[in-house]
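As a plain string of letters, each chain reads:
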4 protein chains.
Amino acid sequence: MVGAHPKVMERLIETNALHTVGYGRDQFCKDARDIILNACGIENGEVYFLEGGTQANAVVIDRLLDHNDGVIAADTAHINVHEAGAIESNGHKVLALPNHDGKLKADEIRKYLEDFYNDATNHYMVRPGMVYISFPTELGTIYTKKELEDISEVCKEYNLPLYADGARLAYGLAAEGVDVTIKDIAGICDLFYIGGTKCGTLFGEAVVTRRPELLPRFVSVIKLHGATLAKGRLLGVQFATLFTDGLYEEIGKHAVKMALKLKEGFKKKGYKLYMNSPTNQQFFILPNEKIDSLKEVASFELWGPRGEKETPVRFVTDWSTDEKDVDSLIEKL
Amino acid sequence: MVGAHPKVMERLIETNALHTVGYGRDQFCKDARDIILNACGIENGEVYFLEGGTQANAVVIDRLLDHNDGVIAADTAHINVHEAGAIESNGHKVLALPNHDGKLKADEIRKYLEDFYNDATNHYMVRPGMVYISFPTELGTIYTKKELEDISEVCKEYNLPLYADGARLAYGLAAEGVDVTIKDIAGICDLFYIGGTKCGTLFGEAVVTRRPELLPRFVSVIKLHGATLAKGRLLGVQFATLFTDGLYEEIGKHAVKMALKLKEGFKKKGYKLYMNSPTNQQFFILPNEKIDSLKEVASFELWGPRGEKETPVRFVTDWSTDEKDVDSLIEKL
Amino acid sequence: MVGAHPKVMERLIETNALHTVGYGRDQFCKDARDIILNACGIENGEVYFLEGGTQANAVVIDRLLDHNDGVIAADTAHINVHEAGAIESNGHKVLALPNHDGKLKADEIRKYLEDFYNDATNHYMVRPGMVYISFPTELGTIYTKKELEDISEVCKEYNLPLYADGARLAYGLAAEGVDVTIKDIAGICDLFYIGGTKCGTLFGEAVVTRRPELLPRFVSVIKLHGATLAKGRLLGVQFATLFTDGLYEEIGKHAVKMALKLKEGFKKKGYKLYMNSPTNQQFFILPNEKIDSLKEVASFELWGPRGEKETPVRFVTDWSTDEKDVDSLIEKL
Amino acid sequence: MVGAHPKVMERLIETNALHTVGYGRDQFCKDARDIILNACGIENGEVYFLEGGTQANAVVIDRLLDHNDGVIAADTAHINVHEAGAIESNGHKVLALPNHDGKLKADEIRKYLEDFYNDATNHYMVRPGMVYISFPTELGTIYTKKELEDISEVCKEYNLPLYADGARLAYGLAAEGVDVTIKDIAGICDLFYIGGTKCGTLFGEAVVTRRPELLPRFVSVIKLHGATLAKGRLLGVQFATLFTDGLYEEIGKHAVKMALKLKEGFKKKGYKLYMNSPTNQQFFILPNEKIDSLKEVASFELWGPRGEKETPVRFVTDWSTDEKDVDSLIEKL
């Protein structure tokens, strides 16, 4: 990991000595809000800035769900696997459905809901209260516009908010073959967050909604979760920069280009894909000895426990990935 | 449902006018505790009386688990399906493994734990903190002694308390083909509860442990959960009665005999078993028209949502089931 | 403590062998609900039966409050002192105001609310979300009708539900000098509970509201808290009996008569009142040696920690208190 | 509010492009940890970096307290007033004692604990599980070394961890008349946090303890609270800078000098002190018209709700306060 994109860092330096009010009530946050809503094609929406992805998920989901409601998510969802139980610690069950390359299927959500509402004992079961998807998914894959619309349709039938985790949104919007824009996400989902931490900022995520009534008293709820940033403007400054002069797109495109080059390189050398990802996360299945030797020259992670002979691994590119490093790695495969 | 077994009711009447101290510190509770520990073959253990099964599970599990710990359970477990999210509402994730006729397999628990401890990111995952089983299971099946010992062995390897939900314990201990006694349960599991509500009392469950150090300050934790009974002696009186003169065994045997007769009846008439249960819960797959007509003459439940043509149903017997009613029902099949 | 009032016990015996549906959906519960609503003068209200007072408070308050809402209560309130943190364990702060003989004052509630809404930082403070009173209070005192109306007026101004803990309601309604009826309570408070445990039943409290919309999905929320009684009818049977043929009034009157006789006895012997209570709880300040000698012949509690020379104590009467025992105790003073 | 101290900002720029591992496992964090432990005179301790003060309090307190434990704090404590109920939302009661100029008194803590342990019903009360103090307090005051030692002594008697909120620690350590060093704090308290956000960093607080066993599995607990910073090194870089070449001291001294000058100015003009603070927060009681006119030329807050004629206000200085602005403000008084 590196710090922030140079342009973001530059703005933080430029604005460092200015005095502003705290806790996100400053002009930088207001401007960033307007820029983001405009980019999303939302007229009467709201934007809230938080510090990290797990935090954004925990606070938003806790706010959306009533007592004994749960959140429908793929079993591979970040909230189901890698957030140390943050959702449950706030009292809510993750209702995990089988993933399909990291994605939920509209039909399976509908079936789940039908079964729930047809079960005579459902008042003693956890009521599905919302649907969580990630774009791109934890496996680097993306939903098509049609898939999102289908899920949204089910959600509307059952009056469930649809929420998208966009920790790596920039890379999803720049994915190979993507037919979804940020305006599509903003219009189809009820809420989503725009990832900053993994897409150019020092830290920070922007929760965006076209239905602000879904998040009543959210400023207090954020505080309650210990998630209020005193110098809130830091988030305003950073997000305004990301959404000025096409920086967010640029960041996404570079990383995806590097990732696809890497995928091509692995494929040419005969390695198996664990997942065919069109975004900045690439998953391969490597022999364990290969993993051990590559560890010396590249940075990547095992994806789950080490297998007996081979193990899935994940490589991640971002805006800072240097093409020379990609080329050099491919040579060493 | 009926009230309490006549012998239990009789004791409540006999003791009704006596003055005792409250909150379970009376002599009836002390006596019941001693009788139960003796029946379980436990020398230095402890017994706590609670009012219901969901409550017992919620309070015990909340006490056993540390922050960000979860409880391993079969996906069919009562805590995973029919407790309205009580476990999660206390902050804990149910780590659901596939059930095998309602049961967990020791090997699959071990595999899950190995994978967890081999995953380099496990400090951001929910740590398995205990194992929950039910005896008999929610599908009426029972573990063999060997199966329990195998699960216990895994638990010991990973230092996880093994807890058994005995809501219907009497019927499990009297099951056809059972090779497990209450002493086995008490010795193999670290904690379990003896179901009263479904086995002869007006209400109440007795949490038993041979390792009292697992439940520090449990009296306060019970109160915190709103689970303290002011006239605690009601539970002492009832449980002492259940465990005097073999009443608990008698209750179990009668119900199981009735259930097996019912199963035989359905089988003879050509109906399919949904589950081959040796206990007081019997599951059949019935054509929907049959369900509709039987509803007039018998009390049973759909097991899950109604299917298109046929649906699993559950019949439950207990100590109060009249053999004439069973015979009469079988005739009407 | 004794068991249930003989008439309550009798009905439990009479109905013990009947088969009914479970979980409070039976006819006994429906009848009890209608009888109670009628007694309360409520046309379109709802009644929910729970097992104990701490539980009733915890479940009702958890349902009423939104995230980061707190409950205004006297600092002597049961929820603030003697429920082991049950309210906080569900995430809510008790906003304790100074008590006046156990009571809140309408003016002080208003001042607290004004200050809160005039504080520019109140979005980072706990928002008052409801008001909790007890009738009678934990110190045995009662509100006048005027005092209740004044508190209700403040609550309406600020749109806060007013909830009364009626653990000992029977004794408050029969208090010396009372000008409040159960219909007044039901009409002035938004919700309250009718205490059964301390007023004639084996256990159980009836939560009553003329505004059922305040408790959405309450059946699920009760389950979530582990507070659902499987044989729910036990509560219906008991409460129907309490509210038939004036039994609840009779219970209250007898206990208060005994309590006042006891107070008179202590006063005549020159002992100081700790609180001048018109209900079934009586508080005296006794020299420590007197406490030690009385412990042999009567049942009472220290009220707080033992003082150096003298200590407040509490005597409690109920429907089962025998006048001969009162006389005998007075003689021994 | 401004951004970070120029030296901190400089280091963030210098290190921005470096690649490191994430989540605080990098060398910058390790170095910062060592520098801090050394500054604190702790040999075998631990340091954890979090993003904000409310978060630090919530996570630490949640980790320290067992079920049904509460935290003793002054009624003016940040955790009791201005954290939107964060402590309660994690299930814990704040046991508020009267403040004395923002401070707790050792004797009153001891009395509270004695009363608790002498109360026969204390198993149904919230058990005091730790003591929270702030240094400096929310009212700008500081404890003497003797006062801290006395509180620590009570804590040791009752085996309660003593935790200090050091959101403004730099200004406390530089206070007029202070006799406490950071080593004293570190040695007397079991844990404390060094405030970064208000003392020179962009954001961030460093939780320090000489008893790491008090925070088991803290990395997971932090994640569970959504408080893990992906680019954790940002905190390491900033804190290492604060504790290099005396920057933290320098920051504290400048702010306090400015604050005392301001206090002198107000006093000379005849304004009343609301609190006689020796640190960077200064509290005056101003006529409401004065407040309105000053609002045009200076930045300060009402302290609580606006009074009828006059209102307490708070002025805060920090490392960035320009002496010319102080002088200019004083002239305008």
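All values reported here derive from a predicted model rather than from experimental measurement.

1. Let's talk about the overall build of chain A
Part 1 of the reasoning: Scanning chain A for helices and strands turns up 14 helices and 11 strands.
Part 2 of the reasoning: Relative to the 2.2 N^0.38 estimate, which gives 20 Å for 333 residues, the radius of gyration of chain A is 20 Å and therefore close to what a compact globule would have.
Part 3 of the reasoning: Expressed along its principal axes, the backbone C-alpha trace of chain A runs to roughly 60 × 55 × 35 Å.
Part 4 of the reasoning: Taking all 333 residues of chain A together, 63% fall into the buried category.
Part 5 of the reasoning: Put simply, of all contacts in chain A between residues at least 6 apart along the chain, 71% involve residues at least 24 apart.
Part 6 of the reasoning: For chain A, the computed accessible surface area is about 12300 Å², with 49% contributed by carbon and sulfur atoms.

2. Notes on the confidence of the model for chain A
Residues shown with low pLDDT carry predicted positions that ought not to be read at fine detail.
Part 1 of the reasoning: Mean pLDDT over chain A: 97, with 100% of residues reaching 70 or higher.
Part 2 of the reasoning: ipTM for the predicted complex: 0.96, alongside a pTM of 0.97.

3. Regarding the interface of chain B and chain D
Part 1 of the reasoning: With 18 residues of chain B at the interface, the matching set in chain D holds 18 residues.
Part 2 of the reasoning: Interface of chain B and chain D: buried area, both sides summed, is about 1800 Å²; carbon and sulfur atoms make up 51% of it.
Part 3 of the reasoning: Summed over the three residues of chain B that lose the most area to chain D, namely B:His67, B:Tyr124 and B:Arg217, the buried surface amounts to 39% of that side.
Part 4 of the reasoning: The interface formed by chain B and chain D includes six salt bridges.
Part 5 of the reasoning: For the salt bridge of B:Arg217 with D:Asp66, the shortest nitrogen-to-oxygen distance reads 3.4 Å.
Part 6 of the reasoning: Our count for the chain B to chain D interface comes out at 17 residue pairs in polar contact (both at pLDDT 80 or more).
Part 7 of the reasoning: When residues of the side of chain B that touches chain D are assigned to their parent elements, the largest contribution, five residues, is made by helix α10 (residues 218–224) of chain B.
Part 8 of the reasoning: Class assignment for the residues of the side of chain B that touches chain D results in five nonpolar, five polar and eight charged.

4. Here's the deal with the relation of the copies chain D and chain A
Part 1 of the reasoning: After a rotation of 180° and a shift along the axis of 0.0 Å, chain D superposes on chain A with an RMSD of 0.0 Å. The two molecules are tied by a two-fold rotation axis, judged by turn and shift.
Part 2 of the reasoning: By residue overlap, the copies meet face to face through one surface: 100% of the interface positions of chain D are interface positions in chain A.

5. A look at the interface of chain D and chain A
Part 1 of the reasoning: Counting residues at the interface gives 40 residues for chain D, matched by 40 residues for chain A.
Part 2 of the reasoning: Approximately 3300 Å² of surface area, both sides summed, lies buried where chain D meets chain A, with 59% of it carried by carbon and sulfur atoms.
Part 3 of the reasoning: On the chain D side of the interface with chain A, the three residues burying the most area are D:Met1, D:Asn16 and D:Lys231, jointly 22% of the side's total.
Part 4 of the reasoning: Along the contact surface separating chain D from chain A lie zero salt bridges.
Part 5 of the reasoning: There are 18 residue pairs in polar contact (both at pLDDT 80 or more) connecting chain D and chain A.
Part 6 of the reasoning: Counting residues per element, the ones that place at least two in the side of chain D that touches chain A are α1 (6–15), α3 (53–64), α5 (86–89), α10 (218–224) and α11 (233–242) of chain D.
Part 7 of the reasoning: Among the residues making up the side of chain D that touches chain A, the classes are represented as 17 nonpolar, 17 polar and six charged.

6. Details of the relation of the copies chain B and chain D
Copy one and copy two of the chain differ by a rotation about an axis and a translation along that axis.
Part 1 of the reasoning: Rotating chain B by 180° about the axis while translating it 0.0 Å along that axis superimposes it on chain D, leaving an RMSD of 0.0 Å.
Part 2 of the reasoning: The residues that chain B uses at the interface reappear at the interface of chain D in 100% of cases, marking a shared surface.

7. Some thoughts on the packing of aromatic side chains
Part 1 of the reasoning: Counting across every chain of the model gives 58 aromatic pairs over all chains.
Part 2 of the reasoning: On the basis of an interplanar angle of 50° and a centroid distance of 4.5 Å, the ring pair of B:Phe203 and C:Phe203 is categorised as tilted. Highlighted residues: B:Phe203 in the loop between β6 (191–195) and β7 (205–209) and C:Phe203 in the loop between β6 (191–195) and β7 (205–209), drawn from two different chains.
Part 3 of the reasoning: Here a set of aromatic residues connected by ring pairs shows up, and it is made of A:Phe266, A:Tyr271, A:Phe284, A:Phe300 and A:Phe315.
Part 4 of the reasoning: We note A:Lys103 situated over the ring of A:Tyr143; from NZ or CZ to the ring centre the distance is 5.7 Å.
Part 5 of the reasoning: The ring of D:Phe300 is capped by D:Lys295, whose NZ or CZ atom sits 5.8 Å from the centre of that ring.

8. Here we look at the sheet that holds strand β11 (residues 310–316) of chain D
All names here are of chain D.
Part 1 of the reasoning: Read from one edge to the other, the open sheet built from four strands follows the order β8-β9-β11-β10, with strand pairing classed as antiparallel. Every other strand in the sheet has two partners, leaving β8 (272–275) and β10 (301–302) as the edge strands with one partner each.
Part 2 of the reasoning: Where β10 meets β11, two bridges bridge the pair, whose relative direction is antiparallel. Opposite glutamate 301, over in β11, you have arginine 314 as the bridge partner.
Part 3 of the reasoning: Along the sheet, helix α12 (residues 247–268) contacts β8, β9 (281–287) and β11; its crossing angle with β9, the most-contacted strand, is approximately 20°.

9. Quick notes on the sheet that holds strand β4 (residues 127–134) of chain D
All names here are of chain D.
Part 1 of the reasoning: The strand order β1-β7-β6-β5-β4-β2-β3 describes an open sheet built from seven strands, whose pairing is mixed. Strands with a single pairing partner mark the edges of an open sheet, and in this sheet they are β1 (46–50) and β3 (93–97). Averaged over all pairs of adjacent strands, the angle between strand axes in this sheet comes to 25°, irrespective of strand direction.
Part 2 of the reasoning: The pairing of strand β6 (residues 191–195) with strand β7 (residues 205–209) spans five bridges and is antiparallel. By the bridge assignment, leucine 191 is partnered in β7 with threonine 209.
Part 3 of the reasoning: Against the sheet, helix α6 (residues 106–118) contacts β2 (69–74), β3 and β4, and its axis sits at roughly 170° relative to β4.

10. Observations regarding the state of the cysteines
Working definition of a disulfide: a covalent bond connecting the sulfur atoms of two cysteines.
Part 1 of the reasoning: Summed over all chains, the structure comprises zero disulfides over all chains.
Part 2 of the reasoning: Cysteine A:Cys155 is unpaired, with the sulfur of A:Cys189 as its nearest cysteine sulfur at 8.6 Å.
Part 3 of the reasoning: Taking the relative accessible area as the measure of exposure, A:Cys155 reaches 1% and is therefore buried.
Part 4 of the reasoning: Unpaired in terms of disulfides, B:Cys40 finds its nearest cysteine sulfur in B:Cys189, a separation of 11 Å.

11. Topic: the pattern of salt bridges
All names here are of chain B.
Part 1 of the reasoning: Tallied over the entire structure, the rule returns 87 salt bridges over all chains.
Part 2 of the reasoning: A salt bridge links lysine 261 to glutamate 323; the shortest N-O distance between them is 2.6 Å. Here lysine 261 is found in helix α12 (residues 247–268), whereas its partner glutamate 323 is found in helix α14 (residues 323–332), with 62 residues between them in sequence.
Part 3 of the reasoning: The class for lysine 261 is partly exposed, based on a relative accessible area of 30%.

12. Examining unusual backbone geometry
Part 1 of the reasoning: In this chain, B:Phe135 is followed by B:Pro136 through a cis amide linkage whose omega measures -5°.
Part 2 of the reasoning: In this fold, B:Pro136 is placed in the loop between β4 (127–134) and α7 (145–157).
Part 3 of the reasoning: You will see that C:Asp101, though not glycine, has its phi angle at about 50°, which is positive.
Part 4 of the reasoning: Following the sequence through the fold, C:Asp101 ends up in the loop between β3 (93–97) and α6 (106–118).
Part 5 of the reasoning: Given a relative accessible area of 45%, C:Asp101 falls into the partly exposed group.

13. Considerations on the pairing of strand β8 (residues 272–275) of chain B
Residue and element names in this part refer to chain B.
Part 1 of the reasoning: Of the strand pairs in this sheet, β8 and strand β9 (residues 281–287) are connected by three bridges, and their pairing is antiparallel. Pairing of methionine 275 across the sheet is with phenylalanine 283, part of β9.
Part 2 of the reasoning: Linking β8 to β9, which pair antiparallel, is a turn of five residues.

14. Describing the environment of C:Glu108
All names here are of chain C.
Part 1 of the reasoning: Within the element layout of this structure, glutamate 108 appears in helix α6.
Part 2 of the reasoning: Of the residues examined, glutamate 108 reaches a relative accessible area of 27% and is grouped as partly exposed.
Part 3 of the reasoning: In this view, glutamate 108 contacts Leu97, Pro98 and His100; residues no more than four positions away in its chain are not counted.

15. So, helix α3 (residues 53–64) of chain C
Part 1 of the reasoning: The terminal C-alpha atoms of α3(C) lie 16 Å apart, and with 12 residues this matches the ideal 16 Å at 1.5 Å per residue to within 8%.
Part 2 of the reasoning: Among all positions in α3(C), only C:Gly53, C:Thr54, C:Gln55, C:Ala56, C:Asn57, C:Ala58, C:Val59, C:Val60, C:Ile61, C:Asp62, C:Arg63 and C:Leu64 are buried.

16. Observations regarding the pairing of β1(D)
Part 1 of the reasoning: Taking burial as the measure, the five residues of β1(D) include five buried ones, the bulk of the element.
Part 2 of the reasoning: Across the two faces of β1(D) the burial is the same, with D:Glu46, D:Tyr48 and D:Leu50 and D:Val47 and D:Phe49 all buried.

17. What about the packing of helix α2 (residues 27–40) of chain D against α11(D)?
All names here are of chain D.
Part 1 of the reasoning: Axis separation between α2 and α11 bottoms out at 7 Å; the angle between their running directions is 35°. Every pair of crossing elements has a handedness; the one defined by α2 and α11 is left-handed. Residue-level inspection shows Phe28, Cys29, Ala32, Ile35 and Ile36 of α2 in contact with α11, the latter providing Arg233, Gly236, Val237, Phe239 and Ala240.
Part 2 of the reasoning: Along the lines of polarity and charge, the residues of the contact of α2 with α11 split into eight nonpolar, one polar and one charged.

18. Examining the side chain of B:Glu83
Part 1 of the reasoning: Along the chain, B:Glu83 turns up in the loop between α4 (78–81) and α5 (86–89).
Part 2 of the reasoning: Despite its burial, B:Glu83 pairs with no opposite charge; the closest candidate is C:Lys223, at 6.2 Å N-O.
Part 3 of the reasoning: With residues near it in sequence (within four places) discarded, B:Glu83 still touches A:Tyr124, B:Gly53, B:Thr54, B:Asn57, B:His78, C:Lys223 and C:Leu224.

Rules and cut-offs
Residues numbered from 1 in each chain as written. Chains lettered and ligands numbered in written order. Predicted model: local features only at pLDDT ≥ 70, side-chain atom pairs only at ≥ 80, totals over all residues. Heavy atoms only, no water. Helix = DSSP H or I, 4+ residues; strand = E, 2+ residues; numbered from the N terminus. Rg over C-alpha atoms; globule rule 2.2 N^0.38 Å. Buried < 20%, exposed > 50% of the residue type's maximum accessible area, 1.4 Å probe, protein only. Contact = heavy atoms within 4.5 Å. Areas by Shrake-Rupley, 256 points an atom, 1.4 Å probe, with all protein chains shown as cover. pLDDT = per-residue confidence, 0-100. Buried area = accessible area lost by both parts, 1.4 Å probe. Salt bridge = Lys/Arg side-chain N within 4 Å of Asp/Glu carboxyl O. Polar contact = N/O pair within 3.5 Å; in protein donor to acceptor, adjacent residues only side chain to side chain. Nonpolar A, V, L, I, M, F, W, Y, C, P; charged D, E, K, R; others polar. Least-squares fit on C-alpha atoms with pLDDT ≥ 70 in both. Phe/Tyr/Trp six-rings, centres within 6.5 Å; stacked < 30°, edge-to-face > 60°. Lys NZ or Arg CZ within 6 Å of the ring centre and 35° of its normal. Pairing = 2+ DSSP bridges. Axes fitted to C-alpha atoms, helices over the stretch in contact; angles between N-to-C directions. Disulfide = S-S within 2.5 Å. Expected span 1.5 Å × (residues − 1). Left-handed = near helix turned anticlockwise from the far one by under 90°. Lys, Arg positive; Asp, Glu negative; His and termini not counted.

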